[in-house]
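Here's the letter readout for the chains.
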Amino acid sequence: MRDRIASGDIFYRRMMLSLQEQAKVLRVEDDEQGIPHVHYEKTVLRTGYQEHAGTNVLALAIFERDFQAAQ
């Protein structure tokens, strides 16, 4: 799992209606319990509009379930 996601990679997930979330991976690191988490910059995208929404952290398993790699 972990080897498929690297710093600088871009991923997307669909949100409600025509919104999409872009995730630019900052790093993948384990928490205190050894569970890997993805730290990323979040940008909300809509046709003709984008808004930087800060940083976010998700468990690697959840990130891989919800996001698809940019093509």
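From a predicted model like this one, the values you see are computed outputs, not experimental measurements. (Residues numbered from 1 in each chain as written. Predicted model: local features only at pLDDT ≥ 70, side-chain atom pairs only at ≥ 80, totals over all residues. Heavy atoms only, no water.)

Peer 1: Looking at this structure, how should I read the pairing of strand β4 (residues 49-59)?
Peer 2: Across a regular strand the side chains alternate sides, sitting on one face of the sheet and then on the other. Where strand β3 (residues 36-46) meets β4, nine bridges bridge the pair, whose relative direction is antiparallel. Residue E41 lies in a different strand from β4, and its bridge partner there is T55. Linkage of β3 to β4, two consecutive antiparallel strands, is achieved through a turn of two residues, within which G48 is found at a positive phi near 75°. (Pairing = 2+ DSSP bridges. Helix = DSSP H or I, 4+ residues; strand = E, 2+ residues; numbered from the N terminus.)

Peer 1: Would you mind showing me how to read the pattern of salt bridges here?
Peer 2: For side chains bearing opposite charge, pairing can occur when the charged atoms are close. A full pass over the atoms with the stated rule returns five salt bridges. For the salt bridge of E29 with R27, the shortest nitrogen-to-oxygen distance reads 3.2 Å. For R27, a relative accessible area of 38% puts it in the partly exposed group. Notably, a salt bridge pairs R65 with D66, separated by 2.7 Å at the nearest N-O pair. Bridged by salt links that share partners, the residues R13, E21, R65 and D66 form one connected network. (Salt bridge = Lys/Arg side-chain N within 4 Å of Asp/Glu carboxyl O. Buried < 20%, exposed > 50% of the residue type's maximum accessible area, 1.4 Å probe, protein only.)

Peer 1: Explain the sheet that holds strand β2 (residues 20-30) here, please?
Peer 2: The strands making up a sheet associate through hydrogen bonds between their backbones, and the pairing can be parallel or antiparallel. Here we have five strands laid out as an open sheet, ordered β4-β3-β2-β1-β5, and antiparallel in their pairing. In this open sheet, the two strands that pair with only one neighbour each are β4 and β5 (68-69).

Peer 1: I'm lost on the nonpolar core in this one. Help?
Peer 2: Where a protein is soluble and globular, its nonpolar side chains tend to be buried together. Membership of the largest hydrophobic core is limited to 11 residues, which are I5, F11, A23, V25, V28, V38, Y40, L58, L60, F63 and F67. When residues of this core are traced back to their parent elements, those giving at least two are β2, β3 and α1 (60-66). Considering each element in turn, this core owes the most residues, three residues, to β2. (Core = buried A, V, L, I, M, F, W, Y, C linked by side-chain atoms within 4.5 Å.)

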